Amino acid sequence: MRLAVDAAPLLDAVSGLGFYCERICAALAEIPELELIMTISSWRSAEGLARAPLPRGPRVRLLPLRAPQRLLLPAEEALGLRWRERRLLAAGADAYLGLGNVLPPLTRLPGVVVVHHVGSDTLPPGLWPRFYFRMLTDRSVARARRVIAVSERTRADVLAKWRLEPARVTMVHEGGPDVSFRLARPGDPPPSVDGPYLLHVGALVARKNVPLLLRAFGRLVERNPSLPHRLVLAGRD
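What this report covers is the structure whose coordinates are included nearby. It should be emphasised that the depicted structure is a prediction, and the values quoted were computed from it without experimental measurement.

This next bit is on the overall build of the chain. A tally of regular secondary structure across the chain gives seven helices and nine strands. By its C-alpha atoms, the chain is 65 × 40 × 35 Å across when sized along the principal axes. Relative to its 237 residues, the chain shows a buried fraction of 36%. For the chain, the proportion of contacts with a sequence separation of at least 24, taken over those separated by at least 6, is 59%. When the accessible area of the chain is evaluated, it comes to approximately 14,200 Å², of which 56% is carbon and sulfur surface. Treating the 34 positive side-chain charges of the chain as one cloud and the 22 negative ones as another, the clouds have centres 5 Å apart.

What follows is about the pairing of strand β4 (residues 95–98). A two-sided burial pattern is seen for β4, the buried positions comprising A95 and L97 on one face and Y96 and G98 on the other. Where strand β1 (residues 2–6) lies against β4, three bridges are found, and the strand directions are parallel. In the sheet register, A4 faces β4, and the bridge partner there is Y96. Across three bridges, the pairing between β4 and strand β5 (residues 111–115) is parallel. Bridge assignment links G98 to a residue of β5, and that residue is V113.

The next subject is the pattern of salt bridges. Two side chains bearing opposite charge may form a pair once their charged atoms approach each other closely. As enumerated under the stated definition, the model contains six salt bridges in all. For E77, the salt bridge goes to R139, with nearest N and O atoms at 3.2 Å. Taken together, the residues span a long stretch of sequence, with E77 in helix α3 (residues 69–79) and R139 in helix α5 (residues 127–143) at a distance of 62 residues. As a salt-bridge pair, D157 and R153 come within 3.1 Å of each other at their nearest N and O atoms. Highlighted residues: D157 and R153, both in helix α6 (residues 152–162), separated by four residues, approximately one helical turn. On the basis of relative accessibility, which here comes to 23%, the residue D157 falls in the partly exposed class. Taking the relative accessible area as the measure of exposure, R153 reaches 61% and is therefore exposed. Among the ionic contacts, a cluster of salt bridges with common partners joins R2, E35 and R61.

It is worth spelling out the packing of α3 against α5 at this point. For the pair α3 and α5, the least separation of the axes is 12 Å and the interaxial angle reads 45°. For the element pair α3 / α5, the angle class is oblique. Of the two possible hands of crossing, α3 and α5 adopt the one that is left-handed. Across from Q69, R70, L73, P74 and E77 in α3, the residues of α5 making contact are W128, F131, Y132, L136, R139 and R143.

Turning to the pairing of strand β6 (residues 146–149), a few remarks are in order. Of the two faces of β6, only one is covered, namely that formed by V147 and A149; the face formed by R146 and I148 stays uncovered. Summarising the sheet, β5 and β6 pair through four bridges and their orientation is parallel. Counted as the bridge partner of V115 is A149 from β6. Alignment of β6 against strand β7 (residues 169–171), held across three bridges, turns out to be parallel. Bridge pairing links A149 to M171 in β7. Following the chain from β6 across α6 to the adjacent parallel β7, one finds a crossover that is right-handed.

As a further point, take a nonpolar patch on the surface. Residues L204, L213, L214 and L233 make up a contiguous nonpolar surface patch of roughly 290 Å² in combined accessible area. Within the secondary structure, L213 sits in helix α7 (residues 210–223). On the basis of relative accessibility, which here comes to 30%, the residue L213 falls in the partly exposed class.

Rules used throughout
- Numbering of residues starts from 1 in each chain and follows the order in which that chain's sequence is written.
- Local features in this predicted model are restricted to residues whose pLDDT is 70 or higher, and side-chain atom pairs enter the listing and the counts only when it is 80 or higher, whereas totals over whole chains, interfaces and linings include all residues.
- The side-chain numbers reported here are obtained from all heavy atoms of the structure, hydrogens and water having been left aside.
- For the purposes of this entry, the term helix denotes a DSSP run of H or I that reaches at least four residues, the term strand denotes a run of E that reaches at least two, and both are numbered from the N terminus.
- Buried residues are those whose accessible area, probed at 1.4 Å on protein chains only, stays under 20% of the maximum for their type, while exposed residues exceed 50% and partly exposed ones sit between those limits.
- Every residue pair with non-hydrogen atoms within 4.5 Å of one another is taken to be in contact.
- In short, Shrake-Rupley with a 1.4 Å probe defines the accessible areas, and a residue's cover is counted only from the protein chains shown.
- In this tally, Lys and Arg are treated as positive and Asp and Glu as negative; His is ignored, and so are the chain termini.
- Charged groups are reduced to one reference atom each: NZ for lysine, CZ for arginine, CG for aspartic acid, CD for glutamic acid.
- In this description, strands pair whenever DSSP reports at least two bridges between them.
- Here a salt bridge means any side-chain nitrogen of Lys or Arg lying within 4 Å of a carboxyl oxygen belonging to Asp or Glu.
- Every axis in this analysis is a line fitted to C-alpha atoms, fitted for helices over the stretch in contact. Angles between the N-to-C directions lie between 0 and 180 degrees.
- For this classification, under 35 degrees means roughly parallel, over 145 means roughly antiparallel, 65 to 115 means roughly perpendicular, and everything else is oblique.
- A clockwise turn of the near helix away from the far one marks a right-handed crossing, whereas an anticlockwise turn of less than a right angle marks a left-handed crossing.
- Orient the strands so they point away from the viewer; a crossover is then right-handed if the path from the first strand over the helix to the second runs clockwise.
- Patches here: salt-bridge-free residues with over 30% relative accessible area, like charges joined within 9 Å, nonpolar side chains (Val, Leu, Ile, Met, Phe, Trp, Tyr) joined within 5 Å.

This is the structure in structure tokens:
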């Protein structure tokens, strides 16, 4: 089976989504019966695929689709061009996997989309975020043959928002073959924070709603001034 995979999230491998996609693709590449077709749609798609942390090997092919993403995606949605699907079919793809909430318009290829979160109340301003995170996600879920939700909460949100048949939505936790977090072991260096602390790991972007966390922690401290905990934020700004 030849599985086409959108490799665009791998261009930001230091993000949570990028790390997830990297490990999932590495695991898929270990399946003997599977051939991966890694694809990116952008002006510099070939350069992007060359520098992305992709699995390499005889069963991994690169398919750069050279086109401006911010023109191609709206054009495909508005005009029904399906240019990417034709290119994928010509490359021999049997199915398409969208790892980051979106799928291209598909009529002949079965598509599976991974939904990481539902809701877009804290989007950055501008037309592109509204198109990409609202319209494109709505349409991608509607046309997907199957939907993967990364938690039971996300699955419940998907079913509630898009009124899908429960059999179409499967919960698969985010993860990979590596253990990133583990209990401290004897001899490990101590954390750089003295005393107990609450840890938030994630990019400091609007959709993470970190201000709500700050307000909640502030109210907690107001109610209990002797609280020894600190709030630690780990992530990119």
